[in-house]
Amino acid sequence: MAAFAQINPITDICFLVEDVERASAFYVDRLGFKPRRRAPGFADFKGAGITLALWEIGHIAENTGVSGRKAPPGVHKACAAIEVPSPEKVDAAYAELKAAGVIFQAPPQNYNWNARCCYFADLDDNLWEIYAWADGGPVGDIDQSD
């Protein structure tokens, strides 16, 4: 029997947010996501790749029984990553999003894991990474030949 993660691709990432309207505005106005679905306390968006969803933490807690406990401001709760084709594209994405009002941790940098990356957080402190592998590609690949 194949392992669950090997036969079921990740199709959605859902960030738990304080205010779905405020969070939606960030993703539409700053990052260019296109709204796809809306329901009370929930929104999801079209983008390249998987579906991005936002769910108000109070709404999911009230309706499903999961914890509505919130982390304090400034604590990152998740990290979504976008791989672009080249280090130059990292710089271009940084310039484009910075011009749209996205606040980055720092300009793009080359890291010792052989990638050029930059980082920003949304209004609910969910962390985002934009990265590209440098010449030679990723380091630390595990041999999957067995």
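Residues numbered from 1 in each chain as written. Predicted model: local features only at pLDDT ≥ 70, side-chain atom pairs only at ≥ 80, totals over all residues. Heavy atoms only, no water.

(A) Representation of the sheet that holds strand S5 (residues 79–83) within the structure. Spatial ordering of the open sheet is given by S5-S8-S7-S6, a layout of four strands whose pairing is mixed. The outermost strands of the open sheet, each flanked by one partner alone, are S5 and strand S6 (109–111). Neighbour-to-neighbour, the strand axes of this sheet turn through a mean angle of 35 degrees, independent of strand direction. Of the strand pairs in this sheet, strand S7 (residues 115–121) and strand S8 (residues 127–133) are connected by seven bridges, and their pairing is antiparallel. Paired with Ala-121 across the strands is Leu-127, a residue of S8. (Pairing = 2+ DSSP bridges. Helix = DSSP H or I, 4+ residues; strand = E, 2+ residues; numbered from the N terminus. Axes fitted to C-alpha atoms, helices over the stretch in contact; angles between N-to-C directions.)

(B) Structural view of the layout of surface pockets. What the largest pocket holds in volume is close to 580 Å³. Leu-31, Phe-33, Ala-48, Ile-82 and Trp-128 are the residues nearest the centre of the largest pocket, which is lined by 23 residues in total. Only strand S4 (51–56), S5, helix H4 (87–99) and S8 provide two or more residues apiece to the lining of the largest pocket. Here the element with the most residues in the lining of the largest pocket is H4; it accounts for five residues. In the lining of the largest pocket, the residues fall into 17 nonpolar, four polar and two charged. In this structure, the second largest pocket occupies an estimated 280 Å³ of space. Sort the elements by how many residues they give to the lining of the second largest pocket and strand S1 (residues 12–17) lands first, with four residues. Looking at the lining of the second largest pocket residue by residue, the classes come out as 10 nonpolar, one polar and seven charged. (1 Å grid on protein atoms, 1.4 Å probe; cavity = no way out; pocket = protein on both sides within 12 Å on 5 of 7 lines; lining within 4 Å. Points joined across faces, edges and corners; volume = space filled by probe spheres on them. Nonpolar A, V, L, I, M, F, W, Y, C, P; charged D, E, K, R; others polar.)

(C) Layout of the nonpolar core. Judged by nonpolar contacts, the single largest core of 24 residues is most densely connected at Phe-15, Tyr-27, Leu-54, Phe-104, Phe-120, Trp-128 and Ile-130. Elements that contribute at least two residues to this core include exactly S1, helix H2 (20–30), strand S3 (42–46), S4, H4, S7 and S8. The residues touching Phe-15, leaving out its near neighbours within four places in the chain, are Tyr-27, Leu-52, Ala-53, Leu-54, Trp-55, Ala-78, Ala-80, Asp-122, Asn-126 and Trp-128. By size, the runner-up hydrophobic cluster in this structure holds five residues, among which are Ala-115, Tyr-119, Leu-127 and Tyr-131. (Core = buried A, V, L, I, M, F, W, Y, C linked by side-chain atoms within 4.5 Å. Buried < 20%, exposed > 50% of the residue type's maximum accessible area, 1.4 Å probe, protein only. Contact = heavy atoms within 4.5 Å.)

(D) The packing of aromatic side chains, seen in detail. Considering all chains together, one arrives at 12 aromatic pairs under this definition. An angle of 55 degrees between the planes, with centres 6.0 Å apart, marks the rings of Tyr-27 and Trp-128 as tilted. Here Tyr-27 is found in helix H2, whereas its partner Trp-128 is found in strand S8, with 101 residues between them in sequence. Residue classification places Trp-128 among the buried positions, given a relative accessible area of 6%. Ring plane angle 85 degrees and centroid distance 5.8 Å describe the contact between Phe-42 and Trp-55, whose orientation is recorded as edge-to-face. Of this pair, Phe-42 sits in strand S3 while Trp-55 sits in strand S4; the two residues are 13 residues apart in sequence, bridging distant segments of the chain. (Phe/Tyr/Trp six-rings, centres within 6.5 Å; stacked < 30°, edge-to-face > 60°.)

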